[in-house]
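# Commentary on secondary and tertiary structure
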Amino acid sequence: MTGSEFEQGMKHLGLSQVKMAEKLGIDRGTIAARCKADVVDESFRYIMLGMLSEAAAISLISAVVKSSK
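Bear in mind that the values here come from a model prediction, so they are computed numbers and not experimental data. The residue count restarts for each chain, going from 1 along the sequence in the order it is written. Per-residue local features are limited, in this predicted model, to residues with pLDDT of at least 70; the limit for side-chain atom pairs, both in listing and counting, is 80 or more; totals at the level of whole chains, interfaces and linings are taken over all residues. With hydrogens and water excluded, all non-hydrogen atoms of the structure serve as input to the side-chain values.

Within helix α1 (residues 3–12), burial applies to G3, F6, G9 and M10. Buried residues of α1, viewed axially, fall in a sector of 115 degrees; they line one side. What points out from α1, more than 90 degrees from its buried face, is the exposed set K11 and H12. A contact between two residues is defined here by any heavy atoms of the two lying within 4.5 Å. Numbering of helices and strands starts at the N terminus; helices are DSSP runs of H or I of at least 4 residues and strands are runs of E of at least 2. Looking at the packing, one finds that the buried side of α1 touches α2 (17–24), α3 (28–36) and α4 (42–67). Looking one or two residues past α1, G14 carries a phi angle of roughly 75 degrees, positive in sign. Only protein chains enter the accessibility calculation, which uses a 1.4 Å probe; a residue is then buried when its area is under 20% of its type maximum, exposed when over 50%, and partly exposed in between. Relevant arc is that of directions from the helix axis to the C-beta atoms, nothing else.

Before going further, it helps to spend a moment on the packing of α2 against α4. Helix axes are fitted only over the stretch in contact, all axes being lines through C-alpha atoms; the angle between N-to-C directions runs from 0 to 180 degrees. Closest axis-to-axis distance for the α2/α4 pair is 13 Å, and the angle between their directions is 100 degrees. The orientation of α2 with respect to α4, classified from their angle, is roughly perpendicular. Residues M20, K23 and L24 of α2 touch α4, and the partners they reach there are F44, I47, M48 and M51. Residue classes in the contact of α2 with α4 are distributed as six nonpolar, no polar and one charged. For classification purposes, an angle smaller than 35 degrees is called roughly parallel, one larger than 145 roughly antiparallel, one from 65 to 115 roughly perpendicular, and anything else oblique. Amino acids are sorted into nonpolar (Ala, Val, Leu, Ile, Met, Phe, Trp, Tyr, Cys and Pro), charged (Asp, Glu, Lys and Arg) and polar (every other residue, Gly among them).

This paragraph deals with the packing of aromatic side chains. In this scheme Phe, Tyr and Trp rings, the latter by its six-membered ring, pair at centre separations within 6.5 Å, and the angle between planes marks the pair as stacked below 30 degrees, edge-to-face above 60, and tilted otherwise. Counted by the stated rule, this structure contains one aromatic pair. A ring pair is formed by F6 and F44, whose centres lie 6.3 Å apart and whose planes are at 80 degrees; its orientation type is edge-to-face. Residue F6 is found in helix α1, and its partner F44 is found in helix α4; the two are separated by 38 residues along the sequence.

Here it is as structure tokens:
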């Protein structure tokens, strides 16, 4: 995952660098560095993929519940 892809993931989740840093309990500069990286380190890739997976699952569950009413 590139820094640009990491940043796009944050945007998809509706998170700014500040909000992402707050969510993870880290400094905003750490997030900014990941957004500029050629390759995002493994731990942050897994964090982003987990957050995106959670958002997709919530969306799917919501759609299923709505369609069953």
